[in-house]
Amino acid sequence: MQARVLRLLAAALVLFAGTAIRAQPAADAREFSIPAQPLASALIEYSRQAGVQVLTSGAHIGDARSPGVNGRLAVAQALDRLLEGTGFAPEFTAAGTVVVTPRAAAAASAQSGRPPPASMTAAAASALQLHAVTVTGSRIPRTQIEGPAPVVVITAEEIRNNGFGSAYEIVTSLTQNLGSVDNNSNTNGFSPGAIGVDLRGLGPNHTLVLINGRRIADYPQSYLGNSNFTDISGIPVSLIDRVEILSGSASAVYGSDAISGVINFILKQKADGMALNLRLGGTQHGGAESHRLQISGGWAGERVDAVLGIEFYHQAPLWGFQRDYADSRLDSPAPNYASPVFARIDEHGNYIDPGAATCAALSSLDHGSVFHAYRRNAGYYCGSNEDVGYGTLQNGRRMANLFASASWHLRPDLDFFVDLLAGTSHQESYNTPLQWQNSEPFNGDSKPVPFYNLATGQIEQWQRRYFTIEENGGFEAGKIRNIGNSHSLNTGLKGTIADTGWSFETLFGHAQNRLESKWPALVAAEAQALYLGPALGIDAASGYRIYDAPVSRLYTPLTVAQFRSITRDSIDRDFSRAENFSATLTNPAVLQLPAGPAGFAAVAEYGNQYYGLKPDPLSLDGSYYGLHNTGAVGSRDHAGLGAEFKLPLLRGLDLGTAARYDRYDYASTSSGRFTWSLGLEYRPAEQLLLRGSLNTGFRAPDLSYVFAGTSGSSSSGIDYYLCRKLEPAVPLGACSYNDIAFNGRSHGSTNLRNETSTSLTWGFVYSPWRGLDLSADYYRIRLKGEVLYESSDMILREEAQCRLGGLDPDSALCRQAIAQVVRNPADDRTSPEQVTSVLVLPINAAADRTSGIDVKAHYRVETDRAGRFDFDFAYTYVATHTLQQFPGDAAVDELRDLYNFVIPRDKASYSASWTRGKFTTTLYGYRLGGLPDWAGSRRLGPTLVYNASLNYRASAATTLTLLVDNLFDSPPRRSGGWVNYPYYPSRWYGPLGRQILLEVDHRFGGAD
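Residues numbered from 1 in each chain as written. Predicted model: local features only at pLDDT ≥ 70, side-chain atom pairs only at ≥ 80, totals over all residues. Heavy atoms only, no water.

### Points about the overall build of the chain
When you go through the chain residue by residue, the secondary structure sums to 18 helices and 50 strands. Long-range pairs, those at least 24 residues apart, make up 70% of the contacts in the chain between residues at least 6 apart in sequence. As displayed, the chain offers around 41900 Å² of accessible surface, 57% of which is attributable to carbon and sulfur atoms. (Helix = DSSP H or I, 4+ residues; strand = E, 2+ residues; numbered from the N terminus. Contact = heavy atoms within 4.5 Å. Areas by Shrake-Rupley, 256 points an atom, 1.4 Å probe, with all protein chains shown as cover.)

Written out as structure tokens, the structure is:
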């Protein structure tokens, strides 16, 4: 199959190559899109689009404005148009460097017929500077993207050519994104469909996500019911200009959260005329059709610059029954059994055979899949293998996003700006049909408990593992709906202080995220009453409740009306908000030192965060079968003050340093933290950069950990106290109390401290010749005091030691442990001193450490006849990753504990692009190192996925792109023991298969 695809691809490339040769314009031509604007910023954009270093005269260029340039032009021709009417002219002093000088000087050089002498060029270079830009990880504008810490940049062109259709696909391609996080395949848990970023595998709450360099509100639900995180699923990918990723701690610059790194999504800030982008796609095997429409426009005037972009997106769901490897329990790579749709269970836990005739009467249900099923060592029941196929492998989503930005030029040195990003998202998922089993309230939860049935004269349990599609009335009623509305507004003043070199920005930012989650839920008491009728007392012999429940009632399918009578939508209304005031002052040349100018930046911030989980009250007390939620409401204030310096110590040797203090106030608690960073850049030669950085970081306690409300669930464990008190000579494994049931309780804590970290990087960047860039960097991150919930086992151990004299019962530790374990009174005749509940609290306990190597390479070859070739390669190898959950525990090697930690040892991505004439074709590859099998006994082989694209510029205004994602139709990798549906690790692998997409870009108006 792969060979056939490769032959077809090669034939297509030959065909298009011939066309490209016939249509090839002048050598060195590129596509330019630079609107009219101040000449200084126009040259920065030209430098980026042309791949040329631009040196400018800072003394005079500030007042000039450029008419802009658009279309496919030679590099020199585009610069000529960009400089028309400005009074400046270009002079190329090398293949990749141009000096922009006043037109009179350039004219004198041209009249002589000779290039400027070396002495003049050297003098000009010393008096001129490359215009500075701000790069993620520093507030000081700089002339080089590469700095003391590695920064990865993904451009809009790369996003399109590599076939990335969502922010999730962008971050998945990052080799530094090493964590296993929920994604759009998730249909269960606390934040279904939300997507986080997990740089270095330290958890999504330790990666700082920015949009245009500014924070946004947290997702208004917690990740795995524990930590806060930022959801990137609503970021409009068609409006992204570039993505910058800094891996490593950056708290000294950005404050809390940036422990494992920063990912900054920078949206398009410039537009000339109007542009339309339409993308349509589908999958080869059906399902998950997608449509995306983006309209953007803008203008640049003497007083106002503005850009507006709107994106509409629709992704149809992919159902399990649409993939032959996930449409049935028979697809399990290990022996499995049919789901018990209708089942009676005796007091010993075995099925009571309903008879083949009973199941035959139900065989039309679930599209004719119910049959007389058998489970070894358990018995017969009426079951089906098809229930798993009625869930979504990838959720459906409809989104609308708007981005607007405007700047009013109040004076030549002062702008008032407003940025707005707003979006609405409607996500639909299906987590297989609802289920029920007869149960009794159990300390705020529902626990299956047998009953004595008068109708049969025996002890039974009744089970509907799930209700069929016919009883549901179709799929619509069973969908989980998440409706999110968010916006981020930033406004302020920015400008320069005349003739001083100082720039400033004052900013007010408001961001909020509102979410309404609708979960179909079954009301346990109403289902109990419908099936079993009223309770008739307690059976003296067994101690169980008595019901008179004819067996025919269980084996009679419910009507849709009956099913509706015992179900309802459980609606959660959650909200998060973040507001921030900041003032920034920068000067890239605050002081002239012998080795060059010193840069400086200072920032002051004050803000407030709010987090509110407001669930359906019935989801808190166990009223819904199998659905238990928790609430959390709280806020905190934050203030921060920081400074940053860039100091040239010697020629070619720069020191960067930053320091910052942050303070958080919440409830009656105050928490402060000082962080710092050091970075060195040494350029012993023009082609070589040696670099290193040492940073401290921190994360303030998550609001979800601080303010989480009381939550309960059924739990079990060893009662160490009764085992050692009543059966001291019996091994714990044989103790009568080694598997007791109790209610697990938890809630937040205001006693949490900051998590802290240190991060070290060192490496090099080497450019031996024009077009080739190589880099390699070592990283090491150590996280201390990581917040996690206590284990009930640890609490029960400590409580036993305190009660039996192993620890001082009057110590604070013992008083706390004894208070967290609730037991029946000693004089209770039925169960003296038995545990009824255990409370666990979040604490600063874990130590997480990881280290590894990042390697990057880029090579560009430009030829007169064959066109331009671009090759990119990125690779990350994880050398160590250890976790110590509690003090005194042995550190666990996550790379060797293959059962508990499903993470790769390495990741790689690579691409090859060829541009000739109007055509660009790209082959992108992604390699995920082998994940563990389900048994945790070995690592599987690596997974490779390829995307291909063909881009055709039909005219200066129109571009057509054909994309094939997952070119070789690679299915998710499975192992023989992966028995949990969908029988592969869905956090790492996607189910779509080969996708074919067509994208059209067309621009209306604007400069020629």
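There is more to say, and it comes next.
### Looking at the pattern of salt bridges
As enumerated under the stated definition, the model contains 36 salt bridges in all. Taking the shortest distance from any N to any O, the salt bridge between R568 and E526 comes out at 3.4 Å. With R568 in strand β31 (residues 567–593) and E526 in helix α12 (residues 524–532), this residue pair connects regions lying 42 residues apart in the sequence. Its salt-bridge partner being R927, residue D906 comes within 3.2 Å of it at the nearest N-O pair. One end of the pair, D906, is in strand β46 (residues 906–916); the other, R927, is in strand β47 (residues 919–928), and 21 residues separate them in sequence. Salt bridges linked by common partners bring R215, D257, R699 and D702 together as one network. (Salt bridge = Lys/Arg side-chain N within 4 Å of Asp/Glu carboxyl O.)

### Focus: helix α18 (residues 812–820)
Within the sequence span of α18, burial applies to C814, A817 and Q820. The arc that holds every buried residue of α18, seen down its axis, measures 135°, which confines them to one face. In α18, those exposed residues whose orientation departs by more than 90 degrees from the buried face are A812, R815 and A819. Each element contacted by the buried residues of α18 is listed here: β38 (740–746), α17 (792–804), β41 (821–823) and β42 (835–840). (Buried < 20%, exposed > 50% of the residue type's maximum accessible area, 1.4 Å probe, protein only. Arc of directions from axis to C-beta.)

### Topic: the sheet that holds β42
Pairing in this open sheet of four strands is mixed, and the strands run β37-β38-β42-β41 from one edge to the other. The outermost strands of the open sheet, each flanked by one partner alone, are β37 (711–717) and β41. Adjacent strand axes in the sheet meet at a mean angle of 25°, parallel and antiparallel pairs treated alike. Here β41 runs beside β42; their pairing, made up of three bridges, is antiparallel. Considered in β42, the bridge of V822 is made with S837. (Pairing = 2+ DSSP bridges. Axes fitted to C-alpha atoms, helices over the stretch in contact; angles between N-to-C directions.)

### A look at the packing of aromatic side chains
Under the defined criterion, the tally for this structure stands at 34 aromatic pairs. On the numbers, 4.8 Å between centres and 45° between planes, the contact of Y374 with Y380 is tilted. Its relative accessible area of 48% is what places Y374 among the partly exposed residues. Their ring planes at 80° and their centres at 5.6 Å tell us that Y946 and F968 sit as a pair that is edge-to-face. Residue Y946 is found in strand β48 (residues 943–953), and its partner F968 is found in the loop between β49 (958–965) and β50 (995–1004); the two are separated by 22 residues along the sequence. Residue class for F968 comes out buried when judged on its relative accessible area of 13%. Taken together, the ring pairs in this structure connect W319, F321, Y390, Y430 and F475 into an aromatic cluster. The ring of F417 has K494 sitting right over it, with the charged end atom 5.4 Å from the ring centre. (Phe/Tyr/Trp six-rings, centres within 6.5 Å; stacked < 30°, edge-to-face > 60°. Lys NZ or Arg CZ within 6 Å of the ring centre and 35° of its normal.)

### A word on the confidence of the model for the chain
When the pLDDT values of the chain are averaged, the result is 85; 89% of them are 70 or greater. For residues 1–27, every residue scores under 50 in pLDDT, and the model assigns this stretch 24 contacts once sequence neighbours within four places are set aside. (pLDDT = per-residue confidence, 0-100.)

### Side note on the pairing of strand β18 (residues 371–375)
Pairing between β18 and strand β19 (residues 379–384): five bridges, direction antiparallel. Residue Y374 lies in a different strand from β19, and its bridge partner there is Y380. Linkage of β18 to β19, two consecutive antiparallel strands, is achieved through a turn of three residues, within which N377 is found at a positive phi near 65°.

### Things to note about the sheet that holds strand β10 (residues 214–215)
If you trace the five strands from one edge of the open sheet to the other, you get β8-β11-β12-β9-β10, paired in mixed fashion. Of all strands in the sheet, those bounded by a partner on one side alone are β8 (151–155) and β10. Examined bridge by bridge, strand β9 (residues 207–211) and strand β12 (residues 261–267) share five bridges and lie parallel to one another. Across the sheet, V209 pairs through a bridge with I263, a residue of β12.

### Overview of the environment of R344
Counting through the fold element by element, R344 comes out in strand β17 (residues 339–346). Residue R344 is classed as buried on the basis of its relative accessible area, which comes to 8%. A polar atom in the side chain of R344 sits 2.7 Å from the side chain of E460. (Polar contact = N/O pair within 3.5 Å; in protein donor to acceptor, adjacent residues only side chain to side chain.)

### A few points about unusual backbone geometry
In this model, Y981 is joined to P982 through a cis peptide bond whose omega is 10°. Examined against the element boundaries, P982 turns out to sit in the loop between β49 and β50. Not every positive phi belongs to a glycine, and A288 is a case in point at roughly 60°. Assignment of secondary structure puts A288 in the loop between β13 (273–283) and β14 (290–300). Its relative accessible area of 1% is what places A288 among the buried residues. Phi is positive for H367, close to 55°, though the residue is something other than glycine. With respect to the element layout, H367 can be found in helix α10 (residues 365–368).

### Points about the nonpolar core
Core analysis: the largest hydrophobic core is formed by 41 residues, its most contacted members being I232, I240, V243, I263 and F265. Residues contacting I232, with those up to four places away along its chain left out, are A167, Y168, V171, I195, V197, V209 and F265. Listed in part, the 26 residues of the second largest apolar core include F342, Y466, L522 and A549. (Core = buried A, V, L, I, M, F, W, Y, C linked by side-chain atoms within 4.5 Å.)

### Points about the state of the cysteines
One pass over the structure, following the stated rule, counts three disulfides. Between the sulfur atoms of C359 and its disulfide partner C382 the distance amounts to 2.0 Å. Since a negative S-S torsion denotes a left-handed disulfide, the C359-C382 link at about -90° is left-handed. Separated by 23 residues along the polypeptide, C359 in helix α9 (residues 356–361) and C382 in strand β19 bring together distant segments of the chain. Comparing C359 with C382, the two get one shared label, buried. Between the sulfur atoms of C723 and its disulfide mate C735 the distance is 2.0 Å. (Disulfide = S-S within 2.5 Å.)

### Quick notes on the packing of α17 against α18
Running from N to C, α17 and α18 cross one another at 115°; their axes reach a closest spacing of 9 Å. Classified by chirality, the crossing of α18 by α17 is left-handed. Only L813, C814, A817, I818 and Q820 of α18 make contact with α17, whose side of the interface consists of I795, E798, E799, C802 and R803. (Left-handed = near helix turned anticlockwise from the far one by under 90°.)

### Thoughts on helix α3 (residues 75–82)
Of all the positions in α3, only V75, A78, L79 and L82 are classed as buried. Along the long axis of α3, the arc covered by the buried residues comes to 100°, so they all point the same way.

### Regarding the side chain of T922
Along the chain, T922 turns up in strand β47. Take T922: its relative accessible area is 2%, and that puts it in the buried class. Reaching out from T922, the side chain makes a polar contact with the side chain of S913 at a distance of 2.8 Å. When neighbours within four sequence positions are excluded, T922 is seen to be in contact with N161, N162, S911, A912, S913, N947, A948 and S949.

### Topic: the side chain of T230
With respect to the helices and strands, the residue T230 is situated in the loop between β10 and β11 (240–247). On the basis of relative accessibility, which here comes to 11%, the residue T230 falls in the buried class. Excluding anything up to four places from it in sequence, T230 contacts I195, G196, V209, I216, D218 and Y219.

### A short note on a nonpolar patch on the surface
Judged by side-chain polarity, Y661, F674, W676, L678 and L694 come together as a nonpolar surface patch covering roughly 450 Å² of accessible area. At three residues, the largest contribution of residues to the nonpolar patch is made by strand β35 (residues 669–685). Summarising the element assignment, F674 is placed in strand β35. (Patch = residues over 30% accessible without salt bridge, like charges linked within 9 Å, V, L, I, M, F, W, Y side chains within 5 Å.)

### Brief notes about the environment of G213
Position of G213 among the secondary structure elements: in the loop between β9 and β10. Owing to a relative accessible area of 36%, G213 belongs among the partly exposed residues under this scheme. On a C-alpha basis, the gap between G213 and V262 in space is 9.8 Å, while along the polypeptide they are 49 residues apart.

### A look at the environment of R753
Along the chain, R753 falls in the loop between β38 and β39 (755–766). Along the chain, R753 and R699 lie 54 residues apart, while their C-alpha atoms are 9.1 Å from each other.

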